[in-house]
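Working through the structure, step by step
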Amino acid sequence: MKISSLKSKDYNWKNILLFFVPFFYLYIRVINSYIALISTGSIEGRANYIIFFTLIGFILLKRRKFNKTITSASIFTLYMMIFPLVEGVDNIITYMASYIIWPVVFYITYNMNYKNKDIELIGYLGAVTCNITAYLYITLTNMDVYSMLDENNAVAGYNSIYNILLAFPFIFLIKNKLHVLVLILLPLSSFVISTKSTCILSAIIILCYYLYTTFNSLKTSKKILLMIGSIALVFFFFQFFNLSDTILSLQEDVDSGGNGRTYIASQVLDKYFNQSTFIEVLWGHGSNSIAKTLRIGAHNDFLETLYNYGLVGIGFFIYFLYNLIKNIKLLGYNLENKKAYIISLIVFFCCSMASKLLGTQIQMLLLAMFWGVILKQIDIKYENSINSSI
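Just so it is clear, the structure is predicted and the values come from calculations on it, not from any experiment. (Residues numbered from 1 in each chain as written. Predicted model: local features only at pLDDT ≥ 70, side-chain atom pairs only at ≥ 80, totals over all residues. Heavy atoms only, no water.)

Things to note about the overall build of the chain
Secondary structure assignment for the chain yields 19 helices and zero strands. The buried share among the 390 residues of the chain stands at 52%. Looking at the chain alone, contacts between residues at least 24 apart form 78% of all its contacts between residues at least 6 apart. (Helix = DSSP H or I, 4+ residues; strand = E, 2+ residues; numbered from the N terminus. Buried < 20%, exposed > 50% of the residue type's maximum accessible area, 1.4 Å probe, protein only. Contact = heavy atoms within 4.5 Å.)

Focus on a nonpolar patch on the surface
On the surface, a cluster of nonpolar side chains totalling about 320 Å² of accessible area is made up of W13, L17, L18 and V21. Inspection of the secondary structure assignment puts L18 in helix 1 (residues 13-35). (Patch = residues over 30% accessible without salt bridge, like charges linked within 9 Å, V, L, I, M, F, W, Y side chains within 5 Å. Areas by Shrake-Rupley, 256 points an atom, 1.4 Å probe, with all protein chains shown as cover. Salt bridge = Lys/Arg side-chain N within 4 Å of Asp/Glu carboxyl O.)

Section: the packing of aromatic side chains
According to the stated counting rule, one finds 25 aromatic pairs in the structure shown. Look at Y272 and F273: their rings are 4.9 Å apart centre to centre, the planes differ by 85°, and that puts the pair in the edge-to-face class. Owing to a relative accessible area of 1%, Y272 belongs among the buried residues under this scheme. A connected cluster of aromatic rings, assembled from ring pairs, spans W102, F106, F320, F348, F349 and W371. Directly above the aromatic system of Y110 lies the positively charged group of R63, at a separation of 5.1 Å from the ring centroid. (Phe/Tyr/Trp six-rings, centres within 6.5 Å; stacked < 30°, edge-to-face > 60°. Lys NZ or Arg CZ within 6 Å of the ring centre and 35° of its normal.)

Overview of the pattern of salt bridges
In a structure, side chains of opposite charge can pair up when their charged atoms sit close to one another. If you walk through the whole model with that rule in mind, you get three salt bridges. Between K356 and E304 there is a salt bridge; the shortest N-O distance is 3.7 Å. With K356 in the loop between helix 18 (335-354) and helix 19 (363-389) and E304 in helix 17 (residues 301-330), this residue pair connects regions lying 52 residues apart in the sequence. For E304, a relative accessible area of 5% translates into the label buried. Linking K339 and E336 is a salt bridge whose minimum nitrogen-to-oxygen distance equals 3.8 Å. Within this pair, K339 and its partner E336 are both found in helix 18, separated by three residues, close to a single helical turn. You'll find K339 and E336 in the same group, each marked buried.

Description of the nonpolar core
Counting 113 residues, the largest nonpolar core has F20, F172, F320, F348 and W371 as the members making the most contacts within it. No other element matches helix 19, which puts twelve residues into this core. Apart from the residues lying within four places of it in its own chain, the contact partners of F20 are N15, T109, M112, Y114, I122, M369 and V373. (Core = buried A, V, L, I, M, F, W, Y, C linked by side-chain atoms within 4.5 Å.)

Remarks on the confidence of the model for the chain
Of all residues in the chain, 78% have pLDDT values of 70 or greater, and the mean over the chain is 82. Averaged over each element, pLDDT in the chain is lowest for helix 6 (residues 145-148) (58) and highest for helix 17 (94). Long-range and interchain partners of residues 385-390, a stretch whose pLDDT sits below 50, account for zero contacts in this model, where long-range means more than four residues apart. (pLDDT = per-residue confidence, 0-100.)

Focus: helix 14 (residues 261-274)
Spanning 14 residues, helix 14 covers 19 Å between terminal C-alpha atoms, matching the ideal 20 Å at 1.5 Å per step. Those residues of helix 14 that sit buried are I264, A265, V268, K271 and Y272. What you see down the axis of helix 14 is that its buried residues fit within an arc of 135°, all on one side. The outward face of helix 14, more than 90 degrees from its buried face, is lined by the exposed residues T262, Y263, F273 and N274. Next to the buried residues of helix 14 lie helix 15 (278-283), helix 16 (289-294) and helix 17. (Expected span 1.5 Å × (residues − 1). Arc of directions from axis to C-beta.)

A few points about the packing of helix 10 (residues 185-194) against helix 11 (residues 197-217)
Packing of helix 10 against helix 11 brings their axes to within 8 Å, and their N-to-C directions diverge by 140°. Listed contacts from helix 11 to L188, F191 and V192 of helix 10 are C199, I200, A203 and L207. (Axes fitted to C-alpha atoms, helices over the stretch in contact; angles between N-to-C directions.)

Here's what the structure looks like:
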């Protein structure tokens, strides 16, 4: 994509500047707050920001349509809302930003109009966001944040690596393979530096999948270039990083059962199956119940959903996942979009299995934006096929 081409009429600048750019900027601002030791404002202030630009996005829509994936996400979210609304919510604005907004963002990006080059531009914007936040994160890890911030903010700063991972799929919307290889360097570096096993494992799976599928689709000359680029990438990491420390950290994660995640999982399952009434098994114990019971989250969206929202809740969640997976087939032969979409699912499943995405204020927003953009292409493909057959 040439910079000069940005002057063309191939972009819907209203959507890009009034919706996508503010949301991408939010992630840069959040992680920068830990480094600059300044506040991004209160949690409520950040929630107001999210809700404001969500409303802007809704106003920009010229059509309003649901598909099965968005419908299943909305049903699941509405079900999760029942318990807090019945029990009472301390701050409705913060609650909306954490639980309700991501399906709305999904709906908005799915219903937006995209011109010819919008998708790749959004990919570049997401890639730039991913790289800036990765740079800021690397800067953060070089600071003794525990001596400058309270423990909760220091932990939040280190855990902001997940925002970088969730922005990572946007890079793969870019068609230029050389740009992709360059733009993944800083994010991959931040994953290694973080020593977070979820991020490292996700990155390994993504790279293996991307390189394998890309290699098979290239001509011989470009296959050689890709192999050289891949070797250079491996050399870069062995040259500039002490990978033995990373491997040791991963081994410690395995030995400790995922930093205690195996023990937590056994506790959740024991309390759910052996210490719950029939009604609790069916409908769940209520929002954030597992955190109140164990004094810690389940670090797994499946277990958290099962305990908090019961068989009904996990059923809605699985139906949503089913629709996400089914979209792979519907994307057809658009190889680049399909690869990027599969990469987003890898990120989603890895994060859902080892941490908590649902019910967090900003972490699901990036995936919701990404899915809406990609799944709109299914509709465009269908509409084009209808028009061509007339």
